[in-house]
Amino acid sequence: MKTFAHRPSVFLSAHSDTYHGERVEIYGPQDFEKKTRDAAHVYSILEVSYRGLGGINRGSGFQNPWNMVDSIPVWRVVWVGEYVASVTMFKLNGSLLKMVAYGTTDWATQDIKRNDIECFVKFSHAELSGPVLFKTLRQLGASRHAFLLSPSEMMPGRRTIPAHKFGHGRLRDEENGSTLLKLERDYPDVLPHAYVRKLGEGYKLKVLVGVDLAVEDGGLQLADFGVMSAYGSMFIGD
């Protein structure tokens, strides 16, 4: 398991960087004032982004803007001028950072979206499905196998079922069918890593992507976390 190197900094306090006119801000657990100020707007962006995916409340770990402030310790917010372009929300899964929600607005350029994906792939892990899964796999290119993780190892307390054991026939429903079909057609090498997890009254087909990058001794250093905002440094495939 990899770890962040320690260096002097405030534990999970606000961090901000500006690249090519976009401003990237990291809100940590201590940044209650900033989170409270932006909560309604950030939540509305996530609501719109997840409207066609079963809703933002399903599996994200929060039910409303104020619950989001209390339960999501790390927010990454990309601004273009005074407008929010994208938001990425992270929880702590033990000593590991887990991306639990991602949303964009019309202000998010392709460069911003590519950098957002690089951010959570390099510094966290995420259960992905639908459009975000395929955008991530496409961006990872031939290096994708280095970022496919085992759910039983990363989430030992969660009941997950390998997709092939659950039965592909049971997944050919309205919600999971298109994801399964695209994996079979475009990413058959990724399909053995797919799994099913119960969410609410149904089951969701997912792939766990990212790194097992530990928060060393509980002290995530935002000087390290902030490098996720660097543009033009794509290390992964076409």
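Description of the structure in this document. Being a predicted model, the structure only gives us computed values, none of them experimental.

**Observations concerning the overall build of the protein**
At step 1: Within the protein one finds eight helices and 11 strands.
At step 2: Relative to all contacts within the protein whose residues are 6 or more apart in sequence, the contacts with residues 24 or more apart total 67%.
At step 3: About 11200 Å² of surface is accessible on the protein, with carbon and sulfur atoms providing 53% of the total.

**Section: the nonpolar core**
At step 1: One finds Leu46, Met68, Trp75, Met89, Leu183 and Val209 to be the most contacted residues of the largest nonpolar core, which totals 52 residues.
At step 2: Apart from residues lying up to four places away in sequence, Leu183 is in contact with Leu133, Phe134, Leu137, Pro188, Val190, Leu191, Ala194, Leu205 and Val207.
At step 3: If you look at the next biggest cluster of nonpolar residues, it comprises six residues, including Leu96, Leu149, Met155 and Tyr195.

**So, the pairing of strand E6 (residues 96-104)**
It is a general feature of regular strands that their side chains alternate between the two faces of the sheet.
At step 1: The buried fraction of E6 amounts to eight of the nine residues, a majority that puts the element mostly inside the structure.
At step 2: Alignment of strand E5 (residues 83-93) against E6, held across eight bridges, turns out to be antiparallel. Bridge pairing in E6 links Phe90 to Met99.
At step 3: In this antiparallel pair of consecutive strands, E5 and E6, the connection spans two residues, and Gly94 shows a positive phi of 70°.
At step 4: Bridge analysis of E6 against strand E7 (residues 125-128) gives two bridges, and the strand direction is parallel. Pairing of Met99 across the sheet is with Ala126, part of E7.

**Regarding the packing of aromatic side chains**
At step 1: Scanning the model with the defined rule gives four aromatic pairs in all.
At step 2: With a centroid separation of 6.0 Å and 35° between ring planes, the pair formed by Tyr27 and Trp75 is classed as tilted. Remark: Trp75 occurs in strand E4 (residues 74-80) and Tyr27 occurs in strand E3 (residues 22-27); sequence separation between them is 48 residues. For the pair Tyr27 and Trp75, a shared accessibility class is recorded, and that class is buried.
At step 3: Ring centres of Phe166 and Tyr203 lie 5.0 Å apart, and the angle between their planes is 50°; this geometry places the pair in the tilted category. Here Phe166 is found in helix H6 (residues 163-166), whereas its partner Tyr203 is found in strand E10 (residues 202-210), with 37 residues between them in sequence.

**With respect to the pattern of salt bridges**
At step 1: Tallied over the entire structure, the rule returns 11 salt bridges.
At step 2: A salt bridge links Arg37 to Asp38, with the nearest nitrogen and oxygen atoms 2.8 Å apart.
At step 3: The exposure class assigned to Asp38 is buried, which follows from its relative accessible area of 8%.
At step 4: The residue Asp116 makes a salt bridge to Arg76 at a minimum N-O spacing of 2.6 Å. Note that Asp116 is positioned in helix H3 (residues 110-123) and Arg76 in strand E4, a separation of 40 residues in sequence.
At step 5: Residue classification places Arg76 among the buried positions, given a relative accessible area of 0%.
At step 6: A single network of salt bridges, built from pairs that share partners, joins Arg23, Glu25 and Lys34.

Each value, and the rule that gives it
Residues numbered from 1 in each chain as written. Predicted model: local features only at pLDDT ≥ 70, side-chain atom pairs only at ≥ 80, totals over all residues. Heavy atoms only, no water. Helix = DSSP H or I, 4+ residues; strand = E, 2+ residues; numbered from the N terminus. Contact = heavy atoms within 4.5 Å. Areas by Shrake-Rupley, 256 points an atom, 1.4 Å probe, with all protein chains shown as cover. Core = buried A, V, L, I, M, F, W, Y, C linked by side-chain atoms within 4.5 Å. Buried < 20%, exposed > 50% of the residue type's maximum accessible area, 1.4 Å probe, protein only. Pairing = 2+ DSSP bridges. Phe/Tyr/Trp six-rings, centres within 6.5 Å; stacked < 30°, edge-to-face > 60°. Salt bridge = Lys/Arg side-chain N within 4 Å of Asp/Glu carboxyl O.

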